[in-house]
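# Per-entry structural report
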Amino acid sequence: MKYDVIVAGGGLLGAAVARELARYNISIAVFEKNIEVGCEVTKGTHAIVHVGLSYNPKTPLKNRSELLGSLMMEQLCKDLDVKYKKIGKLGVAFNDDQVKVFEKMVTNGKRFGVSDIQMIYDKGILFEMEPNLSRDVIAAMYTPNTAIVSPWGLVYGLLENAQANGVEVFTECEVQAIAWDKEANCFNVETPKGTFKAKYFVNAAGAYCDKVSQMIGDNSINMKLVRQQKVIVDNNYRNIIKHVVRTLNAKNAMGDFVTPTVYGDLMAGVQLELTSSVDNVETTYEGIEEHVIQSMKKFVPCIPPAAIIRPFAGVIAQTVDGEFVVRPSHENPHFIQCMVGGSGLGAAFPVACYLTQDIMPQIMPDMTLRSDFNPLRKDMPHIHDMEEEDVAELLGKDPRYGHIICRCETVSEGEIIEAIHRGARTVDGVKFRTRAGMGRCQGGFCGPRVISILARELNIPHEKVTKKGGESIMVNLSQKICNDRGEA
Amino acid sequence: MTNILKHEVDLAIIGGGPAGLGAAISAKEAGVKNVLLIERSEELGGVLPQCIHNGFGLHFFKEELTGPTYTYKMLKNAEKAGVDFSTRTMVIRIDPNNTIIALSHNKLLEIHSKATLLCMGCRERSFGALRIPGTRPAGIYTAGTAQRLMNIEGMLPGKRIVILGSGDIGMIMARRMTLEGAMVLAVVELMPFIGGLIRNEIQCLRDFNIPTHVGHTIKEVNGTDRIEKIIITAVDKNRHYIPGTEVEFDADTLLISAGLIPENELSKMAGVQLNPLTGGPIVDNLWQTNVPGIFAGGNVVHVHDLADYASESAALAAVNAAAYAKGTSSQDLDIKVKAGKNIRYIVPNSITKKQEKVTFFMRVTWPLNNATVHIGDLYKKEFIFARPSEQIRIDLPIGMFMKLNHEEIVVSCYGEEAV
């Protein structure tokens, strides 16, 4: 099979690149290593769209992309029917030194185009905005345009829209080797699903950018992986905090935070550690109990630790120097490096636009815009978010939407089936698309039912249903039982 | 819209488990004409259809039954009494004026009831809420989920099992998994004593030689795809890990049996105030909540040790809800009831109406020998032992309380610490 462009990586960046490339008269395929898209770096982000307060002169692409991302995200989410809320951010100061740091950010922000950034010194105003904020806060920096978004919702939206415009998405399709065929003027891309040919190759492999780059002999990507430990708080506490609330870390950069999510629960963090693999998503006692919970208490003392429904960790990939890399490889100009990090959630879309509008035309001069590109996508129904009259109408058409499978988040059988039709292949895939299993009982009730629906809809036996692909089998393990109890 | 169906009922009961069924029968017997029992699952009985072990019915039916048989007998009685059911019907909202909105098959129901009885039961504490360090691979189930997988769906959740928590479902699942050929490597309990009933400790753990580690917890869960390793550690009085006591198990499955939480999301929507000690509504001796006309019974109020008692207490609540629906209710007393020394919780939380007797349910905080329960200065009752796993029930005539109007009664328990 031959494509004009193969995009390696079904995370947010790969999805954005594929969707933007779909505006042109070219053939495109996205290769995702995992069984589900958006399930590595994307899943672990803070889900915050920053307004763009990076002014490091060494990272101009990152600075500009963040700023643009903040301006572009709202319309993108409207087009793709993705959850987005502009809730604003309060950078809170506990002492005078921190106030000075925030004041400098405000000065810089105004200079570089974040016009509505301001300091709030009036505690009356501050505690009216956030009544449950610790009274130890003495002032705050306020950015009204900071937004929250569903990171995986964006990936599903971008890829579904890309597919509707002709892009092909292959999951469980890890790029294993890449070779340039001089005669044919194309790459041969080896995957478990066979060898594919591509005239151009976009490396948006996230945590594997360096590894994929090395396949063509390009060792110029120097990355680090950072594990972020966080917690999710029961949505009973949904109105406790209304803004992204964030404080400074020891280096006077943005650090710990408590934020609402677009789904109505709260997220708090964050313990950061360097790690060696994107699979190192374990949480630690030190990270959760001694750091995240203590920091949450410092911000918002009224949230008890017992309100936490899930600790988790995500791994973020970024370049060592912090700058984004969006350029053709020095080894082969048909191979385009595409790597964001740190604040990549908001910045991914402007980076994808930069790649398609500024870089691709230079190396692919025959690109022409197509006239029939449809930028709009409609999300699947989520009855939890719908008006009662609309739910009643939907039930009339399909009673499966009245059959509630996940009680905590009110997710129906109809939604789970639709999620599977849209690409969910695993328990986690259903969970992230529908929220079944994300609530306070964490899948205790819906778990067995989701397994059965997946088996039925995918026409596979129950023992082939996995949590997240690979060996993550849910039931009926095939190995024999040893007789010993395995005690140490 | 045509798909919204309006209903008028005398009494709406939310939840068709042992509590809701007991309540519905009792309400019909009390003479309520129009009782609607609303259940979100396809079948009635709540968790009982998956409880295929025996031990049910000794109090309610005076014979030992399995969960499914208990349900069957309840259903027969409910049918005889003329209860209306609406299954596969999920209540999504209750308003304080007793309006109930529910999804039911291809319709949205809007139910107006004269009185509402909350019988939503409880749910299991999840793995996430325990904040156990490590990874989050496949193979982590609550004991009840594992029970559903095995007994209803016919699937084996895993083969090498560690169980965290020694609640009754955990112990019953230790036996059940063993009977189905799985290897239960350990039952791990944070407290220095077993959390569930003595009979289950004997019949499920000891009789099957299942290694039990009290005063231990799980320090780490490991595995990328499926669980590969579980490390446990002993803990001190303050629940801190004791270094050097770690034991590793090459398990593929972790079952959680670490407590039940009354399920009160709907109650909160209706404006019902909750008791932080029970997780259930604050109720008076009629089992009425702070919202007039909304009553609560069974495990939604506090977690009972036996299904029989959940049925029975909900039946008591139903009699009062029935009276309210018939318009024969008024407040004539004001006595607060508080949990004192060694009492984890007590219900009811107040006495507001003259009735023949007052029924108290309570649990102690720690196992005690030669225990004496003091109901204020009014009454004392002695027990050879009192355990947190077994609720204490005391029935007293209302006459004892009359002179205490506008006062507070503190209930305490004294005895020798058994652990």
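Residues numbered from 1 in each chain as written. Chains lettered and ligands numbered in written order. Predicted model: local features only at pLDDT ≥ 70, side-chain atom pairs only at ≥ 80, totals over all residues.

### Things to note about the overall build of chain A
- Scanning chain A from N- to C-terminus turns up 12 helices and 21 strands.
- In terms of C-alpha radius of gyration, chain A reaches 23 Å, essentially the compact-globule figure of 23 Å for 488 residues.
- Each principal axis of the C-alpha atoms in chain A carries an extent, and together these give about 70 × 60 × 55 Å.
- Intrachain contacts of chain A at a sequence separation of at least 6 include 71% that bridge at least 24 residues. (Helix = DSSP H or I, 4+ residues; strand = E, 2+ residues; numbered from the N terminus. Rg over C-alpha atoms; globule rule 2.2 N^0.38 Å. Contact = placed C-beta atoms within 7 Å.)

### Notes on the interface of chain B and chain A
- Contacts between chain B and chain A engage 53 residues on the former and 48 residues on the latter.
- In the side of chain B that touches chain A, the residues fall into 23 nonpolar, 14 polar and 16 charged. (Nonpolar A, V, L, I, M, F, W, Y, C, P; charged D, E, K, R; others polar.)

### Here we look at the nonpolar core
- With 160 residues, the main nonpolar core has Leu-11, Ile-13, Ala-23, Leu-117, Val-162, Ile-163 and Ala-321 of chain B as its most contacted residues.
- Not counting the four nearest positions on each side in its chain, Leu-117 of chain B is found in contact with Leu-11, Ile-13, Ala-23, Phe-295, Gly-297, Ala-317, Ala-318 and Ala-321 of chain B. (Core = buried A, V, L, I, M, F, W, Y, C linked by C-beta atoms within 7 Å. Buried ≥ 20, exposed ≤ 12 C-beta atoms within 10 Å, placed from the backbone.)

### Comments concerning the sheet that holds strand 3 (residues 48-49) of chain A
Residue and element names in this part refer to chain A.
- Read from one edge to the other, the open sheet built from 3 strands follows the order 3-8-4, with strand pairing classed as antiparallel. Where the open sheet ends on each side, the last strands, each with one partner, are strand 3 and strand 4 (84-86).
- Helix 2 (residues 60-80) contacts strand 3, strand 4 and strand 8 (147-149) of the sheet and is inclined by roughly 135° relative to strand 4. (Pairing = 2+ DSSP bridges. Axes fitted to C-alpha atoms, helices over the stretch in contact; angles between N-to-C directions.)

### A closer look at helix 2 of chain A
Residue and element names in this part refer to chain A.
- Taking 1.5 Å per residue as the helical rise, helix 2 with its 21 residues ought to reach 30 Å, and the 28 Å between its terminal C-alpha atoms agrees with that figure.
- Its axis deflected by about 40° at Met-72, helix 2 carries its strongest bend there.
- Of all the residues in helix 2, the buried ones are Lys-62, Asn-63, Ser-65, Glu-66, Leu-67, Gly-69, Ser-70, Met-73, Leu-76, Cys-77 and Leu-80.
- Among the structural elements, strand 3, strand 4, helix 3 (96-112), strand 8, helix 5 (151-164) and helix 8 (344-363) are those in contact with the buried residues of helix 2. (Expected span 1.5 Å × (residues − 1). Bend = angle between axes of the 7 residues up to and from the residue.)

### Here's the deal with the packing of helix 10 (residues 413-421) of chain A against helix 11 (residues 427-434) of chain A
All names here are of chain A.
- Interaxial distance between helix 10 and helix 11 falls to 9 Å at its minimum, and their mutual angle equals 110°. In terms of orientation, helix 10 and helix 11 fall into the roughly perpendicular class. Both helix 10 and helix 11 take part in a crossing whose hand is right-handed. Contact residues: Glu-415, Ile-416, Ala-419 and Ile-420 in helix 10; Val-430, Arg-433 and Thr-434 in helix 11.
- For the contact of helix 10 with helix 11, the per-class residue count stands at 4 nonpolar, 1 polar and 2 charged. (Parallel < 35°, antiparallel > 145°, perpendicular 65-115°, else oblique. Left-handed = near helix turned anticlockwise from the far one by under 90°.)

### Concerning the domain arrangement of chain A
- Looking at chain A, the domain boundaries give domain 1 (2-43 + 151-222 + 321-363), domain 2 (89-144 + 224-319) and domain 3 (383-464).
- Taking only C-alpha atoms, the centre of domain 2 of chain A and the centre of domain 3 of chain A are 32 Å apart. (Domains from an automatic or database assignment.)

### So, the domain arrangement of chain B
Residue and element names in this part refer to chain B.
- Split by domain assignment, chain B resolves into domain 1 (1-124 + 260-329), domain 2 (126-258) and domain 3 (331-419).
- Relative to domain 3, the C-alpha centre of domain 1 lies at a distance of 25 Å.
- Taken together, the contact pairs 16 residues of domain 1 with 17 residues of domain 3.
- Residues that form the side of domain 1 that touches domain 3 fall into these classes: 8 nonpolar, 6 polar and 2 charged.

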